[in-house]
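# Descriptive analysis of the structure
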Amino acid sequence: MAESPEEVAVLVQRVVKDIRNAFQRNPHIDEIGLIPCPEARYNRSPIVLVENKLGVESWCVKFLLPYVHNKLLLYRQRKQWLNKDELIDITCTLLLLNPDFTTAWNVRKELILSGTLNPLKDLHLGKLALTKFPKSPETWIHRRWVLQQLIQENSLPSLATKGNLGAAPVERIHRLVQEEMNVCSEAAGRYPSNYNAWSHRIWVLQHLAKLTVKVLLDELSSTKCWVSMHVSDHSGFHYRQFLLNSLIHRTVTDNNTLVQNQMVNEQNPSLRKEEESAETEATCAEEQSVDLPRRLDEEMELCSELIDNYPGHETLWCHRCVFYLQQHLSNKLPLVGAVVSSVDSSDESLNNSHRSPAASHMAQAMDVDGLNESSSKQGYTQETKRLKRAPVQDSLGPEMEYRFVDKVLSTCRDVDQARFATAYRKWLVTFLGQ
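Here is what the cut-offs are and how they apply
- Here the residue numbering is sequential within each chain, running from 1 through the sequence in written order.
- For this predicted model, a pLDDT threshold of at least 70 governs which residues receive local features, and a threshold of 80 or more governs which side-chain atom pairs are given and counted, while totals over whole chains, interfaces and linings are taken from all residues.
- To get the side-chain values, all heavy atoms of the structure are used, and hydrogens and water are removed first.
- Here a strand is any run of E in DSSP of at least two residues, a helix any run of H or I of at least four, and the numbering for each starts at the N terminus.
- Burial classes: relative accessible area under 20% of the type maximum marks a residue as buried, over 50% as exposed, and values in between as partly exposed (1.4 Å probe, protein chains only).
- Contact between two residues is taken to exist if any of their heavy atoms lie within 4.5 Å; hydrogens are not considered.
- All accessible areas in this document rest on Shrake-Rupley with a 1.4 Å probe, and a residue is counted as covered only by the protein chains that are shown.
- Here pLDDT means the predictor's own confidence in every residue, given as a number from 0 to 100.
- We define a polar contact as two N or O atoms separated by no more than 3.5 Å, with the added condition that, inside protein, one atom must be a possible hydrogen donor and the other a possible acceptor, whereas residues neighbouring each other in sequence contribute only through side-chain atom pairs.

All right, on to the overall build of the protein chain then. The secondary structure content of the protein chain amounts to 18 helices and five strands. Taking all 434 residues of the protein chain together, 44% fall into the buried category. Excluding contacts between residues fewer than 6 apart, the proportion of contacts in the protein chain whose partners are at least 24 apart in sequence is 67%. Of the roughly 22800 Å² of accessible surface on the protein chain, 52% is carried by carbon and sulfur atoms.

Model confidence for the protein chain is summarised by a mean pLDDT of 80, while 72% of its residues fall at 70 or above. Mean pLDDT values over the elements of the protein chain span from 34, in strand 4 (residues 366-368), up to 97, in helix 8 (residues 195-207). The low-confidence segment residues 155-166 (pLDDT under 50) makes 21 contacts with residues lying over four places distant or belonging to another chain. Ignoring residues within four places in sequence, the model shows residues 334-395, a span with pLDDT below 50, making 95 contacts including any to other chains.

Within the secondary structure, Arg-320 sits in helix 13 (residues 314-332). Look at Arg-320 and you get buried, because its relative accessible area is 2%. Here the side chain of Arg-320 touches Ser-304 through a polar contact of 2.8 Å, side chain to side chain. Not counting the four nearest positions on each side in its chain, Arg-320 is found in contact with Met-300, Cys-303, Ser-304, Ile-307, Glu-401, Phe-404 and Tyr-424.

Let us now look at the environment of Thr-139. Structurally, the position occupied by Thr-139 is in helix 6 (residues 137-152). By relative accessible area, Thr-139 is classed as buried at 2%. The spatial distance from the C-alpha of Thr-139 to the C-alpha of Asn-98 is 10.0 Å, given a sequence separation of 41 residues. Apart from the residues lying within four places of it in its own chain, the contact partners of Thr-139 are Pro-99, Trp-105, Gly-126 and Leu-130.

Structure representation (structure tokens):
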């Protein structure tokens, strides 16, 4: 085994070269790992490549990691010169063994900005590092930085290297979103309650997918099976709460926009009637596809089923608490906050439409007659501007919740389940005041 500095340098250079050759032989490597091996038993390379799996024998890490670490620091201190290829190889080796070394990621940022390194290669390197270190915060941070660079390139030309040359920008972004979702799912499965992975997933929805209704619904459907298999993962259920809250927000925002546009059409009937009518129909079609009450009912049914099948998991009761709060506020939310005072004064209504959501929560729920499919095509006339003051039907009222808790308490034999159910009942009494 190498001991002297000269022997260590020769060993490390050989290992770094073997890692580079492994990626050249198989660019589709999808996982890395350490092979338990206290000492070198054979005169062979410690890098093992089997199908799409890359392994590093553990005995060489104590020589490899300090050497490439110090060499990179000497480069940053301008005490040693390294060409671009050497920088790529050294940072790749270092980050596969220690992805939380910020300096290495910063060096690769400089290489990307200079056009030396393809940003997609860094996405692949980060994906490999996450298979061994799924919670690495620096890896997730760098991954978001790379995605921002791709977002700034409006046409995403670098994606052509993966065979997407003929794809439209929207399709490329869609593929990028799907790839990120897969990376997040794998990392979340490797490390329980992986807050960094789920936070990155939310970031992708906000900045790449733009919180579109279709993507939100797809994510709500795709994560249903995952949370059913990880009933103690707080981060996974928090992600579903974010999805539901985003759907609620989008529905209310679309309703407000719909009625405001109709009010403007009534005041100025000659302004782009055909275009606004088409936009109204598209908005109505999108709202109908959401079917928010049904989604909320399905989420509550899922939570009830998981509580019955997996007793004693606090995560499920916390999710039920937060979700019930979301649903309660969504049912109390007025359909259109701006229309409350718009019957006689449309100018005041347009100004009041920007009231804070907190104030809207306390307002009485109301429906606007004439906002169905037929009225959207015929326009918004004075005859259809009638307000019907009636609370929205609560699909899961307090009586049903109390009944569910009583059922759990009467049938469960798990001490923790009874404790969580009792705490949830006390929360209901405090929150609802009854």
